[in-house]
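Results of the structural survey
Spelled out, the chains give:
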Amino acid sequence: MPMSATSTFATGIMICGLSVASLYASQSPEAHHPSGLQGLIPDFESKLEVAYTKQSNNVRSNCFPAQLIAVLTSLHRRFGKRPVVTSGYRPRSGRSMHAKCKAADIRIIGIKPGQIARYARELNGIGGVGTYCSTGIVHVDVGPRRDWHHCTRTKKVASLWH
């Protein structure tokens, strides 16, 4: 096969007749390393978190597996609002899926926890789904399949007055 100005075997990728490798030839390796982008875009890490937002900077979520991010993305698409992660990775939480970075406690502003939980239970790849009526939080994880609802009688009665 003859070489032409629009193809190359050395890089395999051409952009407007230029090889991708030639674009970086005169730059240091750091110039095209992802860490170089952090200086160009303020708050770089949060720009990547399009499936969800974090309640605060203290919420640890950078270790979420792709399967959990897919669950959060599905919730975002279904309700049109990004889930707010109120709790993610908690290394000292015993045998919890939070300790394995496979769980997120969430809420979606304007959506009832029951609606979120019902939809989450239908998702492929979902493990546990739990609701906590005292806080309005929904727990989703990608561990073993489980389901729970924590709501004490006292809190149910108290919620009638709101």
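Residues numbered from 1 in each chain as written. Predicted model: local features only at pLDDT ≥ 70, side-chain atom pairs only at ≥ 80, totals over all residues. Heavy atoms only, no water.

1. Things to note about the nonpolar core
- Counting residues in hydrophobic clusters, the biggest one holds 24 residues, and the most contacted among them are F64, L72, L75, V85, I106, I116 and V140.
- Of all the secondary structure elements, the ones that give two or more residues to this core are α4 (66-79), β5 (103-107), α5 (113-121) and β7 (137-141).
- Examining the composition of this core, we find that five residues originate from one element, α4, more than from any other. (Core = buried A, V, L, I, M, F, W, Y, C linked by side-chain atoms within 4.5 Å. Buried < 20%, exposed > 50% of the residue type's maximum accessible area, 1.4 Å probe, protein only. Helix = DSSP H or I, 4+ residues; strand = E, 2+ residues; numbered from the N terminus.)

2. A look at the state of the cysteines
- What the rule picks out here adds up to one disulfide.
- Linked covalently through their sulfurs, C63 and C101 form a disulfide whose S-S length is 1.8 Å. On the S-S bond that ties C63 to C101, the torsion sits near 90 degrees, and the link is right-handed. A residue pair is termed long-range when its members are at least 10 positions apart, and C63 in the loop between β3 (53-54) and α4 and C101 in the loop between β4 (84-87) and β5 qualify at 38 residues. (Disulfide = S-S within 2.5 Å.)

3. Brief notes about the packing of aromatic side chains
- Evaluated as defined, the whole model comprises two aromatic pairs.
- Ring geometry for F79 and Y119: centres 5.9 Å apart, planes at 80 degrees, overall edge-to-face. Of this pair, F79 sits in helix α4 while Y119 sits in helix α5, and the two are 40 residues apart along the sequence.
- For Y119, a relative accessible area of 23% translates into the label partly exposed.
- In this structure, R78 is placed above the aromatic ring of Y119, and the distance from its NZ or CZ to the ring centre is 5.7 Å. (Phe/Tyr/Trp six-rings, centres within 6.5 Å; stacked < 30°, edge-to-face > 60°. Lys NZ or Arg CZ within 6 Å of the ring centre and 35° of its normal.)

4. Some details on the packing of α4 against α5
- Running from amino to carboxyl end, α4 crosses α5 at an angle of 125 degrees, the nearest separation of the two axes being 11 Å. When the interaxial angle is binned, α4 and α5 end up oblique. Read as a crossing pair, α4 and α5 show a hand that is right-handed. In contact with S74, L75, R78 and F79 of α4, α5 contributes Q115, I116, Y119 and A120.
- Partitioned by chemical class, the residues of the contact of α4 with α5 number five nonpolar, two polar and one charged. (Axes fitted to C-alpha atoms, helices over the stretch in contact; angles between N-to-C directions. Parallel < 35°, antiparallel > 145°, perpendicular 65-115°, else oblique. Left-handed = near helix turned anticlockwise from the far one by under 90°. Contact = heavy atoms within 4.5 Å. Nonpolar A, V, L, I, M, F, W, Y, C, P; charged D, E, K, R; others polar.)

5. Describing the environment of V85
- Structurally, V85 is set in strand β4.
- By relative accessible area, V85 is classed as buried at 0%.
- Sequence spacing of V85 and T53 is 32 residues, and the spatial spacing of their C-alpha atoms is 6.1 Å.
- In contact with V85, not counting residues within four places along its chain, are Y52, T53, K54, Q55, V59, F64, L72, A104, D105 and I106.

6. Remarks on α5
- Every buried residue of α5 is accounted for by I116, A117 and A120. Along α5, the residues classed as buried sweep out an arc of 95 degrees about the axis, all on the same side.
- Contact partners of the buried residues in α5: α4, β5, β6 (128-132) and β7. (Arc of directions from axis to C-beta.)

7. Describing the pairing of β5
- Burial within β5 is extensive, with four of its five residues counted as buried.
- Looking at chain direction, β4 and β5 are connected through three bridges and run antiparallel. Its bridge partner being in β5, S87 is matched across the sheet by D105.
- For β5 and β7, the ladder comprises four bridges, and the chain directions are antiparallel. (Pairing = 2+ DSSP bridges.)

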